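Remarks on the overall topology
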Amino acid sequence: MSPLAEREAMPPHDEEGYLLEPNDWSRALAELLADKTGLVLSPSHWRVIEFIRAWYKDTESVPEARMVIKHIAGVNGDKRAAKQELYALFPHGYGQQACRIAGMRKPLKLMLDV
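Residues numbered from 1 in each chain as written. Predicted model: local features only at pLDDT ≥ 70, side-chain atom pairs only at ≥ 80, totals over all residues. Heavy atoms only, no water.

Turning our eyes to something else, we now look at the overall build of the protein. Along the backbone of the protein there are six helices and zero strands. Shown N-terminal to C-terminal, the secondary structure of the protein runs as helices and strands in the order α-α-α-α-α-α. Looking at the protein as a whole, 41% of its 114 residues are labelled buried. Considering only contacts within the protein whose residues lie at least 6 apart along the sequence, 57% involve residues at least 24 apart. Accessible surface computed for the protein: about 6,600 Å², of which carbon and sulfur atoms make up 55%. (Helix = DSSP H or I, 4+ residues; strand = E, 2+ residues; numbered from the N terminus. Buried < 20%, exposed > 50% of the residue type's maximum accessible area, 1.4 Å probe, protein only. Contact = heavy atoms within 4.5 Å. Areas by Shrake-Rupley, 256 points an atom, 1.4 Å probe, with all protein chains shown as cover.)

Now the structure itself:
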């Protein structure tokens, strides 16, 4: 995709690429944002993204990383392994990468990264 087409496909966002309105998000946009950071979204990535989106829908806030880790650990019960999995999936950080791809506004405190 050309830079011009990419800008036209991108809803209003801040200078770091975070959406200004999370409701402008789409799965296609997530794929575009992931591609820009070198990620190919796997089912495990989508599980995290869908959790973030569902949390936002229910609370109108971004879940802290510890909540995502708890969600991941719910599958295998090991929080340490879940934390390692989260950061293996999103190596640039939860707030910097997962939240951006999930279409969230920039978290007010990037201390969401545990």
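Next up on the list: the packing of aromatic side chains. One pair of aromatic rings is described through two measures. These are the centre distance and the angle between the planes. Summed over the entire model, instances satisfying the criterion amount to two aromatic pairs. Ring plane angle 65° and centroid distance 6.5 Å describe the contact between Trp 25 and Trp 46, whose orientation is recorded as edge-to-face. Placement of the pair is Trp 25 in the loop between α1 (3–9) and α2 (27–36) and Trp 46 in helix α3 (residues 43–59), with a sequence separation of 21 residues. The residues Trp 25 and Trp 46 share a single accessibility class, namely buried. Geometrically, the ring pair formed by Phe 51 and Trp 55 is tilted, given 5.8 Å between the ring centres and 45° between the ring planes. (Phe/Tyr/Trp six-rings, centres within 6.5 Å; stacked < 30°, edge-to-face > 60°.)

A positive phi angle is found at Glu 60, which is not glycine, with a value near 55°. Note on placement: Glu 60 falls in the loop between α3 and α4 (65–76). Since its relative accessible area comes to 65%, Glu 60 is described here as exposed.

Here we take up the side chain of Gln 97. With respect to the helices and strands, the residue Gln 97 is situated in helix α6 (residues 94–101). Residue Gln 97 is classed as buried on the basis of its relative accessible area of 1%. Aside from chain neighbours lying at most four places away, what touches Gln 97 is Thr 37, Leu 39, Phe 90, Pro 91 and His 92.

Put simply, α3 and helix α5 (residues 79–89) touch, their axes get as near as 10 Å, and they point 105° apart. The orientation of α3 relative to α5 falls into the category roughly perpendicular. Of the residues in α5, those in contact with Ser 44, His 45, Arg 47 and Val 48 of α3 are Glu 85, Leu 86 and Leu 89. Residues belonging to the contact of α3 with α5 are distributed by class as follows: three nonpolar, two polar and two charged. (Axes fitted to C-alpha atoms, helices over the stretch in contact; angles between N-to-C directions. Parallel < 35°, antiparallel > 145°, perpendicular 65-115°, else oblique. Nonpolar A, V, L, I, M, F, W, Y, C, P; charged D, E, K, R; others polar.)

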